[in-house]
Amino acid sequence: MTLHSRFLGFALVLALFGTASAQSAHSINVNLKETRLANGLRVITVEDHGAPVIALDITYNVGSRNERPGRTGFAHLFEHMMFKGSENVGTGEHFYLIFNNGGNMNGTTNEDRTTYFEALPANQLDLALYLEADRMRSLVINKANLDNQRNAVQEERRLGVDNQPYGQSGEVQQGLIYDNFAYKHTVIGSMEDLNAATVEDVAAFFKTYYAPNNAVLALVGDFKTADALKRIKQYFEPIPRQPDPAAVDMTEPEQKAERRASVDDALARLAQVDLAFKAVPGNTSDFYALQVLSAALQGGQSSRLYQALVKDKQLVTNVGGFMDEKRGTGALYTSATLRQGVKPADVEAAIYDEIERLKKDGIADWELQKAKNTTRRNFINNMQSSLSRALNISVWTVYYNDPNLINTRLDKVMAVTKEDVQRVTNKYLAATNRTVVITIPKPKAAAAATQQ
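Remember, predicted model here, so these are calculated numbers, not experimental data.

1. Overview of the nonpolar core
In this structure, Leu290 and Val347 are the most contacted members of the largest nonpolar core, which totals 70 residues. Sort the elements by how many residues they give to this core and helix 15 (residues 386-400) lands first, with nine residues. Those residues in contact with leucine 290 that lie beyond four places of it in its chain are Ala279, Val280, Met323, Leu332, Val424, Tyr428 and Leu429. Residues Ile58, Met82, Leu131 and Leu146 belong to the second largest nonpolar core, which totals 50 residues.

2. Observations concerning the packing of helix 4 (residues 125-138) against helix 10 (residues 225-236)
Look at helix 4 against helix 10: their axes get within 9 Å of each other, and the N-to-C directions meet at 30°. The angle between helix 4 and helix 10 places the two elements in the roughly parallel class. Note that helix 4 runs across helix 10; the crossing there is right-handed. Between helix 4, through Leu125, Asp126, Leu129, Tyr130, Glu132, Ala133 and Met136, and helix 10, the contact on the second element is made entirely by Ala228, Arg231, Ile232, Tyr235 and Phe236. Here the residues of the contact of helix 4 with helix 10 sort into nine nonpolar, no polar and three charged.

3. Re helix 4
In a regular helix each residue adds 1.5 Å, so 14 residues correspond to 20 Å; helix 4 covers 20 Å between its end C-alpha atoms and thus fits that length. Counting buried residues along helix 4, eleven of its 14 residues qualify, which places the element largely inside the surrounding structure. Every buried residue of helix 4 is accounted for by Leu125, Leu127, Ala128, Leu129, Leu131, Glu132, Ala133, Asp134, Arg135, Met136 and Ser138. Looking at the buried residues of helix 4, the elements they touch are strand 3 (53-60), helix 3 (93-100), strand 5 (114-121), helix 9 (199-209), strand 6 (215-221) and helix 10.

4. A short note on the environment of serine 302
Relative to the elements of secondary structure, serine 302 occurs in the loop between helix 11 (285-298) and helix 12 (304-312). With relative accessibility at 35%, the residue serine 302 sits in the partly exposed group. Here the side chain of serine 302 touches lysine 370 through a polar contact of 2.7 Å, side chain to side chain.

5. What about the pairing of strand 5?
The buried fraction of strand 5 amounts to seven of the eight residues, a majority that puts the element mostly inside the structure. Bridge count between strand 4 (residues 104-109) and strand 5: six bridges; the pairing is antiparallel. Its bridge partner being in strand 5, methionine 105 is matched across the sheet by glutamate 118. Adjacent in sequence and paired antiparallel, strand 4 and strand 5 are bridged by four residues.

Reading the values: rules and limits
- Residues numbered from 1 in each chain as written.
- Predicted model: local features only at pLDDT ≥ 70, side-chain atom pairs only at ≥ 80, totals over all residues.
- Heavy atoms only, no water.
- Core = buried A, V, L, I, M, F, W, Y, C linked by side-chain atoms within 4.5 Å.
- Buried < 20%, exposed > 50% of the residue type's maximum accessible area, 1.4 Å probe, protein only.
- Helix = DSSP H or I, 4+ residues; strand = E, 2+ residues; numbered from the N terminus.
- Contact = heavy atoms within 4.5 Å.
- Axes fitted to C-alpha atoms, helices over the stretch in contact; angles between N-to-C directions.
- Parallel < 35°, antiparallel > 145°, perpendicular 65-115°, else oblique.
- Left-handed = near helix turned anticlockwise from the far one by under 90°.
- Nonpolar A, V, L, I, M, F, W, Y, C, P; charged D, E, K, R; others polar.
- Expected span 1.5 Å × (residues − 1).
- Polar contact = N/O pair within 3.5 Å; in protein donor to acceptor, adjacent residues only side chain to side chain.
- Pairing = 2+ DSSP bridges.

The quantities given are spatial measurements derived from coordinates; they are silent on function.
Written out as structure tokens, the structure is:
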């Protein structure tokens, strides 16, 4: 039902970020209309009669950054709870009603937001609005539902983290990178905290964060705007607003020394090197320059790290990474899986050599053009999907208070210069700014003895 790792923001960026190179970035124009309901719900509509479909996305301004110590994993647990029924919709019926009417749906949580979406034939707009409004207004909160979804999330943690090769490494790295609790803990949370969640916690969380004034609704597709707004007001405007949640402190102190850890992993078959350089929030000029840098350094088989470490030196089986997008401080990540018998120190040294070359010489013209062409192609391709447009508009409105970013984001990437890339390489990819996690394969018996 959900994607919960720190990589989700990156996945969304990739899904949103490209286009046919024959077209100009300036040709992009999503004609959107914003309406604010009396209860504070922000509604953004994009009328598009290109196909007889509609896409609805509601993004709530809540993620794991809103959690408190002792209740980690709560935002993600609550996302699961939202599918357990409301006053007029039974447990699991949300799925059946959408699927049986030719649609698809899901929900996802990350550090910065929780989002729910449906794509349906255009004649099912009322169904999508009814289902989302009913659970925003009257979610069923009881111990049976909580226990059921608590068990589901704990199993998700077992599958995705505890019993997954390198699963623990990402959790260790995130805890090392950040000092502020908002981003220091993972979205999936700990088993102990999930067990500690109570029905009272769930009810308080729902009242605080799942209010119309803490959400953005984006609707894209085949409808008449005036008619759609009339229906949206009918379903959502009677839902009472709540006091605005407290702002989240996301400040991070400057990192002044390298941070490092080693993880013994009984499930891993090969050693792995994971690097992260603490950087900047999303939708900033340095963020877009770091995305271009990441494309040149580690994006695909023509990238510098792939050519040096996989092709030339044959140190690793694979290497890649991304610039993570967060509302607060993000990081540039690199991960390399080592060939049998290769020393992690040799792989680290090879990566740092490539970074130093970039600091000294910058990127080539073709590398800059490749990054921009890839971005343009992916962005345009993705814009064809009404669901992607709805999701991006709602998420970027919650993140940056800017629904029109869908029309300007590509221009911001196109404006990045080689000098920008060289500058951010020198500024952020410093030894004192990095966090390193080395994962070492360890036989199960030896790993168990180490933990005792």
